Amino acid sequence: MTDYPLRTPGGPPVPTPGGPPVGILGTGSYLPAEAVSNELVAERAGVTAEWISAKTGIRRRRYAADHEATSDLAVEAARAALADAGIRAGQLGWIVVATSTPDHPQPATACLVQHRIGATGAAAFDINAVCSGFVFALVTAAGLLSAGSGGPAPYALVIGADVYSRIIDRTDRRTAVLFGDGAGAVVLGPVRPGYGLTGSLLTSDGALHELIQVPAGGSRAPASEKTLADGGHFFRMRGRAVSEYVLAELPCAIRALLAAHRTDAASVDHFIPHQANGVLLAKALPDLGLPRARTHLTVAEHGNTSAASIPLALDDARRQGVFTDGQLLLLAGFGGGMSLGAALVRWQDGHGGS
C-alpha cells in the first residue's frame, strides 16, 4: 500500500518555445578525485558491500575533497562545457545552477561561478528542485533564451552540481549508501529549426514534501544546539515511498509529455534519467514504454549525484560519441518536493567539439 495518493502529474506540458530554437551546444562534467568504495561506506552504515550492490546497483561514488565546495565542482564542469561548445564566458547571458547543496544560504552559487569563470554581465541564479533541478534549470534557461531576454548574449550555461557527502548521515544505510558528489554542465544556444529543446513537462506535488528533506537550517528550524544534536541538518528520505512515487508517476509524466508534443515513443533514441538507484531504474524502465531508446546509466560508478546526475550521464554519453545528428533525447529527473521534470531534445551535430 502506498504512503501517498497516486496521481497523474498535474503540471501542464510546456509548449515548444515560440522564439528561435535553443539547443545544447556543448557539455562538460567534473568528478572529485576521491573514489569511495562500497566497503568504506558499508563499514559505517552497518551493512555489507554486497548488500549495497544488491540494493542500489552502485559500486563506488566520489566525495569532494575538504577544500572543495559545490561552486568548485560547478566551475570545473562549466569550463569543460564552454570549451566543448567553443563559447567564451563573456558571451553568456545567463548562468543557472541547479543545486540543493549551495556553498552558502546566500548569495547564489551561480554568482560565485559567474565570478570565477569571468562571465561579466551574465545574470546568475540558482534553482532548487533537488534531484529534478537540472531539468528545471534547462527548461528555464531555454525559455529565457527563446524569449530573447539575453539581449546580445544569446548563450546560457546550465549546471547541475551537488556535494551530498556534506549532508548525509554516514550511519544511515537508507541514504549513506546512495550519494556521491559531482557536477555537470551544458551550454545552450541557437540551433537549426527543428532541433534543440522541443518540449518539456515540469510538475511538483508539495503535499509530499516530507518524503525527502533536510529539516533544519532554514527559517523554520534555524541552526541551534538542539537541531545539531537531533541530526536535523542531515538529508532524510523515506525510501520506499519515494520508490513508489517514481514507479507510479514517471511513466505517467513521460506519456503525458510525448502525447502533448505528438511524439511517438518509438522515436526516442536515447533516455537519460536521474541516476537515483540502479535497482529502482531497472524496475521502472519496462513501464516507460520506450521500445527503441538506449538508456544511459552512470549510477554504478558515480552513485546518486542529485542535480548533477543527468548532465554527468549526458556528458559521458556525448564523449563516447553515441549521439548522432537528429536523434531524439529524453531527459527525466525526479526528486524532493516531490518534483519531476522531463524534456525532449533533438540533438544537433556540428557544434563545439563535435
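Residues numbered from 1 in each chain as written. Predicted model: local features only at pLDDT ≥ 70, side-chain atom pairs only at ≥ 80, totals over all residues. Heavy atoms only, no water.

For the protein chain, the name recorded in an unreviewed UniProt entry is Beta-ketoacyl-ACP synthase 3, with Streptomyces niphimycinicus as its organism. According to the UniProt record, the Pathway (unreviewed entry) comment for the protein chain is "Lipid metabolism." (UniProt positions renumbered as here; feature names shortened; annotations may be inferred.)

Another aspect to go through is the pattern of salt bridges. Oppositely charged side chains may form a pair once their charged atoms are brought near each other. Scanning the entire structure with this criterion turns up 12 salt bridges. Between E301 and R59 there is a salt bridge; the shortest N-O distance is 2.6 Å. Of the two residues, E301 sits in helix α9 (residues 299-302) while R59 sits in the loop between α2 (49-56) and β4 (60-63), which places them 242 residues apart along the sequence. Residue classification places E301 among the partly exposed positions, given a relative accessible area of 30%. (Salt bridge = Lys/Arg side-chain N within 4 Å of Asp/Glu carboxyl O. Helix = DSSP H or I, 4+ residues; strand = E, 2+ residues; numbered from the N terminus. Buried < 20%, exposed > 50% of the residue type's maximum accessible area, 1.4 Å probe, protein only.)

Core analysis: the largest hydrophobic core is formed by 49 residues, its most contacted members being L250, I254, F271, L290 and L330. Those elements giving two or more residues to this core turn out to be α1 (38-45), α7 (239-260), α8 (278-284), β14 (328-335) and β15 (339-346). With nine residues, α7 is the largest single contributor of residues to this core. Judged by nonpolar contacts, the second largest core, of 34 residues, contains A137, L145, A307 and I310. (Core = buried A, V, L, I, M, F, W, Y, C linked by side-chain atoms within 4.5 Å.)

Another point: unusual backbone geometry. Put simply, Q106 and P107 share a cis peptide bond, and its omega is 0°. Among the structural elements, P107 can be located in the loop between β5 (92-98) and α4 (109-117). Put simply, G337 and M338 share a cis peptide bond, and its omega is -10°. In this fold, M338 is placed in the loop between β14 and β15. In this model, V130 sits at a positive phi of 55°, which is unusual for a non-glycine residue. Structurally, the position occupied by V130 is in the loop between β6 (123-127) and α5 (133-146). V130 sits in the buried class, given a relative accessible area of 15%. Notably, R262 is not glycine yet its phi reads approximately 50°, a positive angle. Mapping R262 onto the fold places it in the loop between α7 and β12 (270-273).

Further remarks concern the packing of α1 against α2. The geometry of α1 relative to α2 is characterised by a closest axis approach of 8 Å and an angle of 105° between their N-to-C directions. Of the possible angle classes, the one that applies to α1 and α2 is roughly perpendicular. Taken together, the residues of α2 that come into contact with α1 (itself represented by N38, E39, V41 and A42) are A49, I52 and S53. Of the residues contributing to the contact of α1 with α2, the split by class is four nonpolar, two polar and one charged. (Axes fitted to C-alpha atoms, helices over the stretch in contact; angles between N-to-C directions. Parallel < 35°, antiparallel > 145°, perpendicular 65-115°, else oblique. Contact = heavy atoms within 4.5 Å. Nonpolar A, V, L, I, M, F, W, Y, C, P; charged D, E, K, R; others polar.)

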